Amino acid sequence: MKTHHHTETWLFYGISDLYFSFHSEEWVFDYHSAFFAIMALEKHLKAFLIWHRKKEYEELGKKEANEKVLKIAKSYGHDFPELAKKADEYLSNNEITNLLNMSYDGYNGGELLEVLRDAYMETRYPTSRNVAQSFPVGEPGIYHNPLASSGLHKFIQTFCETLAKELAGSIDFEKLLSEVKDQYKHLEPFNRFSNIYLKEHWQ
């Protein structure tokens, strides 16, 4: 098994999740869409880290390599600030820092990253504290809710695209995107998705 297969697998699932979050546009599915966007970022980050930690499994047999890759992925849990910090260690151009300093429809990237673990929980389970409580409007009891915002999706999409482009030269990127396209090209929203995410890379 080629070393880059593991990274391509995680990236395939990450792009699929990102597309599904885009596909579900009805407001009644805001939390479902947010959940899949969050999962997409987690998988993009883990794909990136799995590639950069390939020395830990590239000499192993297939079964042992699969187990090691899963162990690497699980070791980060859903700790998005830690995932971003570790990914940033493999970059020399401050791209992640720049992403976190940007504003996405009124939300700061760094603030969004900090609440993603709680957002992951809130979009899956009933919770006693909502992520919105970290974004007060100014009046008591009134909050912005990033989980229902375009800002969250723009932040995650930009972050995912940055990581995917960083991996493009290391894996069979053309084949990977072709497989994603074959899976979803019959769906009308996918055409719009591919004109936004990695728009210059689809064949």
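Everything below is about the structure printed above this text.
Residues numbered from 1 in each chain as written. Predicted model: local features only at pLDDT ≥ 70, side-chain atom pairs only at ≥ 80, totals over all residues. Heavy atoms only, no water.

**What to know about the side chain of Ser24**
With respect to the element layout, Ser24 can be found in the loop between helix H1 (4-23) and helix H2 (30-52). For Ser24, the contacting residues outside a window of four places in its chain are Phe29 and Ser33. (Helix = DSSP H or I, 4+ residues; strand = E, 2+ residues; numbered from the N terminus. Contact = heavy atoms within 4.5 Å.)

**Concerning the environment of Lys63**
Inspection of the secondary structure assignment puts Lys63 in helix H3 (residues 62-75). Side-chain polar atoms of Lys63 contact the side chain of Glu67, separated by 2.6 Å. (Polar contact = N/O pair within 3.5 Å; in protein donor to acceptor, adjacent residues only side chain to side chain.)

**A few points about the nonpolar core**
If you look at the biggest cluster of nonpolar residues, it comprises 65 residues, and the most contacted ones within it are Ile156 and Phe159. For this core, the leading source of residues is H2, giving 13 residues. Setting aside chain neighbours within four positions, we find Ile156 in contact with Leu18, Ala37, Ile38, Leu41 and Leu116. (Core = buried A, V, L, I, M, F, W, Y, C linked by side-chain atoms within 4.5 Å. Buried < 20%, exposed > 50% of the residue type's maximum accessible area, 1.4 Å probe, protein only.)

**Digging into helix H7 (residues 150-167)**
With 18 residues, H7 should cover 26 Å at 1.5 Å per step; its first-to-last C-alpha distance of 26 Å lies within 8% of that length. Of all the residues in H7, the buried ones are Gly151, Leu152, Phe155, Ile156, Gln157, Phe159, Cys160, Glu161, Thr162, Leu163, Ala164 and Leu167. Near the N-terminus of H7, the side chain that reaches the backbone nitrogen of Gly151, with its oxygen 3.4 Å away, is that of Ser149. (Expected span 1.5 Å × (residues − 1).)

**Brief notes about the environment of His52**
Looking at where His52 falls in the secondary structure, it is placed in helix H2. In sequence terms His52 and Gly141 are 89 residues apart; their C-alpha atoms lie 44 Å from each other.

**Comments concerning the pattern of salt bridges**
Summed over all chains, the structure comprises 11 salt bridges. The partner of Lys46 in a salt bridge is Glu42, and the shortest N-O contact between them spans 2.8 Å. Residue Lys46 and its partner Glu42 are both found in helix H2; the two are separated by 4 residues, about one turn of the helix. Of the two residues, Lys46 and Glu42, neither departs from the other in class, the shared state being buried. Among the charged side chains, a network of salt bridges with common partners joins Arg53, Glu56 and Lys68. (Salt bridge = Lys/Arg side-chain N within 4 Å of Asp/Glu carboxyl O.)

**Considering the packing of aromatic side chains**
Counting across every chain of the model gives 15 aromatic pairs. On the basis of an interplanar angle of 65 degrees and a centroid distance of 5.3 Å, the ring pair of Tyr19 and Phe193 is categorised as edge-to-face. Of this pair, Tyr19 sits in helix H1 while Phe193 sits in helix H9 (residues 188-194), placing them 174 residues apart in sequence. Across the pair, exposure class does not vary: Tyr19 and Phe193 are buried alike. Seen in terms of ring centroids, Tyr104 and Phe155 are 5.2 Å apart; in terms of plane orientation they differ by 65 degrees. Their pairing is edge-to-face. Here Tyr104, found in strand E1 (residues 103-104), pairs with Phe155, found in helix H7; they are 51 residues apart in sequence, far enough to count as distant. Phe155 matches Tyr104 in its accessibility class, with the two residues each being buried. Connected via pairs of aromatic rings, a cluster forms that spans Tyr19, Phe22, Tyr184, Phe190, Phe193, Tyr197 and Trp202. Lys54 extends its terminal NZ or CZ atom over the ring of Trp51, reaching a point 4.2 Å from the ring centre. (Phe/Tyr/Trp six-rings, centres within 6.5 Å; stacked < 30°, edge-to-face > 60°. Lys NZ or Arg CZ within 6 Å of the ring centre and 35° of its normal.)

**Observations regarding the packing of H1 against helix H8 (residues 173-184)**
The geometry of H1 relative to H8 is characterised by a closest axis approach of 10 Å and an angle of 40 degrees between their N-to-C directions. As the angle between them shows, H1 and H8 are arranged oblique. Two packed elements cross with a definite hand, and for H1 against H8 that hand is right-handed. Between H1, through Glu8, Leu11, Phe12, Ile15, Ser16 and Tyr19, and H8, the contact on the second element is made entirely by Phe173, Leu176, Leu177, Glu179, Val180, Gln183 and Tyr184. (Axes fitted to C-alpha atoms, helices over the stretch in contact; angles between N-to-C directions. Parallel < 35°, antiparallel > 145°, perpendicular 65-115°, else oblique. Left-handed = near helix turned anticlockwise from the far one by under 90°.)

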